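# Notes for the structure review
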Amino acid sequence: MFARPASRALLALLAVCSAGCAGEDAAALVVVGLTTDMAVGFEIRHVERTTKVDGVVAHAERLSYDRGKLSLPAELAAQPARDGAVVEVSVAAFPDGDASPLVTRAAATRAVGGRTLLLPVSLDAACSAVSCPAGATCAAGACVDPFIDPSALAEHDPTWIASASDACKTPSSGDPAIVIGQGESAFAPLEHGEVVPIEPGPQGGHHAWLALRVTGLRQMGSRMTVRGHFPELALELLPFTALVTLRRAGDAGCEIYGIRFQVDRGVPVASVRGQALDVEIVLEDPDGDVATAAQRIVIAP
């Protein structure tokens, strides 16, 4: 299963602060829970985050999808602070090759001795066209006060990620499900027993282009396993696995295309032409939810 960003830094801070942070007897920590309803890797390519404690910059970072550092939802590094300190977070999300942020968000609270607070920060698509006055920030398409009283915040619990908002897995998306289609650059429906063309691959072999339409699974980090069986040849193809990032497809949910499936591993391509191939694809997301689909195709003669 795809591993969520580990909380080792948080655990280390808790250990250190148990002996006293900034002179306090009990740890005062604020953990940022960053979420988005936009597709990371497509609508968002990188995120810049700055955290201030009592007006002083305590941490700044740039998380890039292209460098493998941006995966949402995620916990950002915890900030230790004295009891009563104001912790402020500002986040900007950028599309590919654009110097201007698509969405910005600010959030703030006050650290409380003996508590580890979870400060939720969402990057909402509805805020992409909203400009807020100074001292306000956009959340869910509306301008709001960025300060959240600590009494309104929950204690940090790592399991919050399992129910966090997501571009593909929403309360209305229903049970996990996938539909097998075809296509190198777009999803196209695939009928049972449909003849599918194959083409030479860049590293040898011949492959068919498969695609998936997905509902009820996370946008990032799902593990895909693809298997194939030629029933008339009694031939089982070696399966392959990959971690995938889905793109949004409007009302259809999410999808991935350009799945390259080699159909002649270990056998001459001539022996599989015209043959029926049973394809099975399993997709398991980071929450452990799983969807499976099977489809019979026929390799073009």
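First, a word on what this report is: a plain description of the structure on this page. Computed from a prediction, not measured in an experiment: that's the story for all the values here. (Residues numbered from 1 in each chain as written. Predicted model: local features only at pLDDT ≥ 70, side-chain atom pairs only at ≥ 80, totals over all residues. Heavy atoms only, no water.)

## Some remarks on the pattern of salt bridges
Inspection of every chain in the model, using the stated rule, returns 14 salt bridges. Residue Arg82 pairs with Asp54 through a salt bridge whose shortest N-O separation is 3.0 Å. You can see Arg82 sitting in the loop between β4 (74–80) and β5 (86–94) and its partner Asp54 sitting in the loop between β2 (46–53) and β3 (56–64), a full 28 residues away along the chain. You can call Asp54 partly exposed: its relative accessible area is 37%. (Salt bridge = Lys/Arg side-chain N within 4 Å of Asp/Glu carboxyl O. Helix = DSSP H or I, 4+ residues; strand = E, 2+ residues; numbered from the N terminus. Buried < 20%, exposed > 50% of the residue type's maximum accessible area, 1.4 Å probe, protein only.)

## Section: the packing of aromatic side chains
Taken as a whole and judged by the stated rule, the model has one aromatic pair. Measuring from ring centre to ring centre gives 6.0 Å for Phe240 and Phe261, while their planes differ by 40 degrees; the resulting arrangement is tilted. Remark: Phe261 occurs in strand β17 (residues 254–262) and Phe240 occurs in strand β15 (residues 235–245); sequence separation between them is 21 residues. Phe240 sits in the buried class, given a relative accessible area of 17%. (Phe/Tyr/Trp six-rings, centres within 6.5 Å; stacked < 30°, edge-to-face > 60°.)

## Thoughts on the environment of Ala93
Position of Ala93 relative to the elements: it lies in strand β5. For Ala93, a relative accessible area of 0% translates into the label buried. With 57 residues separating them along the chain, Ala93 and Thr36 place their C-alpha atoms 9.8 Å apart. Not counting residues within four places of it along the chain, the set of residues in contact with Ala93 comprises Ile44, His46, Val47, Pro101, Leu102, Val103 and Leu123. (Contact = heavy atoms within 4.5 Å.)

## With respect to the nonpolar core
Across soluble globular proteins, you tend to see nonpolar side chains buried next to one another. Core analysis: the largest hydrophobic core is formed by 34 residues, its most contacted members being Ile178, Leu212, Met224, Leu277, Val279 and Ile281. Ranked by size, the runner-up nonpolar core spans 31 residues in total, among them Ala85, Val89, Leu153 and Met220. (Core = buried A, V, L, I, M, F, W, Y, C linked by side-chain atoms within 4.5 Å.)

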